[in-house]
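Coordinate analysis (summary)
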Amino acid sequence: MRAVRFHEYGDEEVLRVDETDRPEAAGHDVVVEVAGAGVNPVDTYFREGSYEPFQLPMIPGVDVAGEVVAVSEYVDDYAVGDHVVGTGLGMNHFGGYAEYAAVPEDRLAHLPDGVDLVAAGGAGVAAVTAWRALVDHAGLEPAESVLIHGGSGGVGHAAVQLAAATGAHVVTTAAPEYHDRLTELGADAVFDYADDDLADAVVAETDGVDVVLDHRLDDYLQFDAEVAATGGRVVGIGENDPEVGFSNDGVARSKDVSYQFMSMFNTPRLADPLAGVAYLMGQGDLEIEVARTYDLDEAAAAQVDVMNDSFLGKLVITP
Ligand SMILES: NC(=O)c1ccc[n+]([C@@H]2O[C@H](COP(=O)([O-])OP(=O)(O)OC[C@H]3O[C@@H](n4cnc5c(N)ncnc54)[C@H](OP(=O)(O)O)[C@@H]3O)[C@@H](O)[C@H]2O)c1
C-alpha cells in the first residue's frame, strides 16, 4: 500500500510516500481502508521528534475513518464493511496517512449510516478533545455558559457544536469571516478575538462565564480568570509558549477558579467519547467541516497549512 512515512525527525521535508506492507489484523486490531485522515497540529510535534513514536520509519496521523476490510479473530464488535471512526494513532501505533490503517478496537467507534467518511476522518482528535474538555473535565451543564476560544479551529468548531448540543449558552471567538458560520453551528455570541474590549464583551454576554476551553494559555490564562464566574472551570489544552503564568493570580483565587490541563492521549478508553461523537454526527448535531482535502503526496503541505493557514474546521488527507 502507499503510505506517508518519516524515516527521521525534522521539518515537513522528511515526509515521503513509500510503498509498504498493508497492515494485518493482529491482536485486537481492525484494518480500515482509509477514506479520511485528519491533519492535526500534534502530527507536526511527532514528526519533529517532540514525542518519540514507537519506531521509525513512522506513518503519521492520529485520526482515521473508513470502511473495515479485515478484523482480528479476537474482535467481536466489528465486521468487514462497517463504517468506523478512530483516533489515538500515530505514536504507539502506525497512523492514518496511508491507504490502510490497523486500529485497536478500543480506539474505534461505529459510524451511523449517512455520515460522510471524509468528514469523519477529521473528527477524532478535534471532537474527542472537545468532549473530554467540556463533558468529562468541565462537567458542562445545560444552564451554564461556556467560552470557547478560537471557535473556527478543529477543536473549536467541534466544541461549539458539542456545547450547543448540551443546551449551554455558547460564546466563542474567531476572525470575523467565520462569525456567520459559527452562529449557524450553534454559537449564541461570536466575538473577534482581536477586539480590545473582548473581556468586557464576554462578561456582558454571560455575567461571568462558567466554563472556558483555552487552547492558547499563554495568551489567555489571566484573561480566563478575569472573565470567569465564581466557581468557573477552565480547561487548558494548549499554548504557543509553554512559559505560561498569571500576572495576578489573586483574580483566580478570589473566584475559586479551577484550572484543569489535559491531553487527549490520557483518555482511559478513546472508544467511549468516540462513540458519543459518532452518535452526534449521526444525529446531525456535530458536523465536521472539511476546509480542504489533500492527497498522500501533499501531506507535507497539509502539515504546513495546519500550523500556518486560517480555515474553519479540519484539513483532511484522502489517500
Ligand atoms: N491537549 C490536547 O489533548 C489537545 C488536543 C487537540 C489540540 N490541542 C492543541 O490545541 C490547539 C488547537 O488545536 P486545533 O487542532 O484546533 O488547531 P487549529 O485547527 O489550527 O485551530 C487553531 C485556532 O486558533 C485560532 N486562533 C489564532 N489566534 C488566536 C487568538 N489570538 N485567539 C483565539 N484563537 C486564535 C485560529 O484562528 P485563525 O484561523 O483566525 O488564525 C484557529 O481557528 C493546538 O495547539 C493543539 O496542539 C491539544
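Note: the structure precedes this text.
So, a few notes on the structure that sits alongside this text. Everything numeric here is computed off the predicted structure, so don't read it as measured data.

Some remarks on the packing of helix 6 (residues 198-206) against helix 7 (residues 217-227)
Between helix 6 and helix 7, the shortest axis-to-axis distance is 10 Å and the interhelical angle comes to 35°. In this structure, helix 6 meets helix 7 at a crossing whose hand is right-handed. Contacts from Leu-198, Ala-199, Val-202 and Val-203 of helix 6 reach helix 7 at Phe-223, Glu-226 and Val-227. A breakdown of the residues in the contact of helix 6 with helix 7 according to their chemical character gives 6 nonpolar, no polar and 1 charged.

Some remarks on the layout of surface pockets
Approximately 1,400 Å³ is the volume found for the largest pocket. Surrounding the largest pocket, 50 residues form its lining, Pro-41, Tyr-45, Val-155, His-215 and Ile-237 being those nearest its centre. The residue inventory of the lining of the largest pocket, partitioned by class, reads 27 nonpolar, 17 polar and 6 charged. Here the lining of the largest pocket spans two domains, and each of domain 1 (2-123 + 288-317) and domain 2 (126-265) adds at least three residues to it. Put simply, the second largest pocket is a space of about 170 Å³. If you trace the second largest pocket, you find 14 residues lining it, with Met-1, Asp-21, Pro-23, Ile-59 and Phe-94 closest to the centre. Top element by residues in the lining of the second largest pocket is strand 6 (residues 100-104). It accounts for 3 residues. The residue inventory of the lining of the second largest pocket, partitioned by class, reads 8 nonpolar, 4 polar and 2 charged.

Thoughts on the site of the ligand
Surrounding the ligand, one finds 21 residues, the nearest of these being Tyr-45, Tyr-193, Tyr-220, Met-264 and Ser-310. One of the backbone nitrogen or oxygen atoms of Val-155 is found 2.9 Å away from an oxygen atom of the ligand. The contact in question runs from a nitrogen atom of the ligand to an N or O atom on the side chain of Tyr-220, over 2.6 Å. Residue assignment for the shell around the ligand shows that the elements contributing at least two residues are helix 1 (41-48), helix 3 (124-137) and helix 4 (154-166).

Notes on helix 10 (residues 299-308)
All buried positions along helix 10 are accounted for by Ala-299, Ala-302, Gln-303, Asp-305 and Val-306. Relative to the axis of helix 10, the buried residues are bounded by an arc of 165° and lie together on one face. On its buried face, helix 10 sits against strand 1 (2-6), strand 2 (15-19), strand 3 (29-39), helix 1, strand 14 (290-294) and strand 15 (314-317).

Thoughts on the pattern of salt bridges
Taken as a whole and assessed by the stated rule, the structure comprises 14 salt bridges. In this structure, the salt-bridge partner of Arg-253 is Asp-249, at a minimum N-O distance of 3.2 Å. Relative accessible area serves as the criterion here: at 38%, Asp-249 is assigned to the partly exposed category. Each of the salt bridges in this network shares a partner with another, and the network as a whole consists of Arg-181, Glu-184, Glu-287 and Glu-289.

Some details on a negative patch on the surface
A cluster of acidic side chains, namely Asp-195, Asp-196, Asp-197 and Asp-200, defines a negative patch on the protein surface. Taking the relative accessible area as the measure of exposure, Asp-196 reaches 83% and is therefore exposed.

Section: the pairing of strand 9 (residues 169-173)
Taking burial as the measure, the 5 residues of strand 9 include 4 buried ones, the bulk of the element. Inspection of the sheet shows strand 8 (residues 145-148) paired to strand 9 by 4 bridges, in the parallel sense. What sits directly across from Ser-145, in strand 9, is His-169. For the handedness criterion, the β-α-β arrangement of strand 9, helix 5 (residues 179-184) and strand 10 (residues 189-191) is classed as right-handed.

Points about the sheet that holds strand 13 (residues 258-261)
Strand pairing in a sheet takes place through backbone hydrogen bonds and is either antiparallel or parallel in direction. Strand order in the open sheet made by the 6 strands is 10-9-8-11-12-13, with parallel pairing throughout. Looking at which strands have only one partner, the edges of the open sheet turn out to be strand 10 and strand 13. The average undirected angle you get between the axes of adjacent strands in this sheet is 15°. As paired strands, strand 11 (residues 209-214) and strand 12 (residues 228-236) are joined by 5 bridges and run parallel to one another. Paired with Leu-213 across the bridge in strand 12 is Val-235. Along the sheet, helix 7 makes contact with strand 8, strand 11, strand 12 and strand 13, crossing strand 12 at roughly 160°.

About the cut-offs
- Per chain, residue numbering runs from 1 following the sequence as it is written.
- Confidence filtering applies because this is a predicted model: local features only for residues at pLDDT of at least 70, side-chain atom pairs given and counted only at 80 or more, and all residues used for totals across whole chains, interfaces and linings.
- Side-chain metrics in this entry use all non-hydrogen atoms of the structure; hydrogen atoms and water are not considered.
- A fitted line through C-alpha atoms serves as each axis, taken over the contacting stretch for helices, and the angle formed by two N-to-C directions is quoted from 0 to 180°.
- In DSSP terms, a helix is any run of H or I states spanning at least four residues, a strand is any run of E spanning at least two, and both are numbered starting from the N terminus.
- The hand of a helix crossing depends on one turn: near helix anticlockwise from the far one by less than a right angle means left-handed, and clockwise means right-handed.
- In this analysis, two residues are considered to be in contact whenever any of their non-hydrogen atoms come within 4.5 Å of each other.
- For this scheme, ten residues count as nonpolar: Ala, Val, Leu, Ile, Met, Phe, Trp, Tyr, Cys and Pro. Four count as charged, namely Asp, Glu, Lys and Arg, and the remainder, Gly too, count as polar.
- In this analysis the probe radius is 1.4 Å and the grid spacing 1 Å, with only protein atoms considered; a cavity is a set of points the probe fits into but cannot get out of, a pocket is an open set with protein on both sides within 12 Å along at least five of seven lines, and lining residues have an atom within 4 Å of a point.
- Grid points are joined across faces, edges and corners, and a volume is the space filled by probe spheres set on the points.
- For the domains described, the bounds stem from an automatic or database domain assignment.
- Here a residue counts as near a molecule or strand whenever at least one of its heavy atoms sits within 4 Å of it.
- Identification of polar contacts relies on pairs of N or O atoms within 3.5 Å, with a donor-acceptor requirement for protein atoms, meaning one able to donate a hydrogen and the other able to accept it, and with residues adjacent in sequence counted only if both atoms are side-chain atoms.
- Type-normalised accessible area, obtained with a 1.4 Å probe on protein chains alone, sets the label of each residue: buried when under 20%, exposed when over 50%, and partly exposed for intermediate values.
- The directions from the helix axis to the C-beta atoms are what the arc is built from.
- By definition, a salt bridge exists where a carboxyl oxygen of Asp or Glu is found within 4 Å of a side-chain nitrogen of Lys or Arg.
- Here, patches come from residues exposed beyond 30% relative accessible area and free of salt bridges, joined within 9 Å for like charges and within 5 Å for nonpolar side chains (Val, Leu, Ile, Met, Phe, Trp, Tyr).
- Note on areas: these come from Shrake-Rupley sampling with a 1.4 Å probe, and a residue is covered only by the protein chains present in the view.
- Charged residues are defined here as Lys and Arg on the positive side and Asp and Glu on the negative side; His and the ends of the chain fall outside this count.
- For this purpose, a charge sits on NZ of Lys, CZ of Arg, CG of Asp or CD of Glu.
- Two strands pair under a simple rule: DSSP has to find at least two bridges between them.
- Orient the strands so they point away from the viewer, and a crossover whose first-strand-to-second-strand path over the helix runs clockwise is right-handed.

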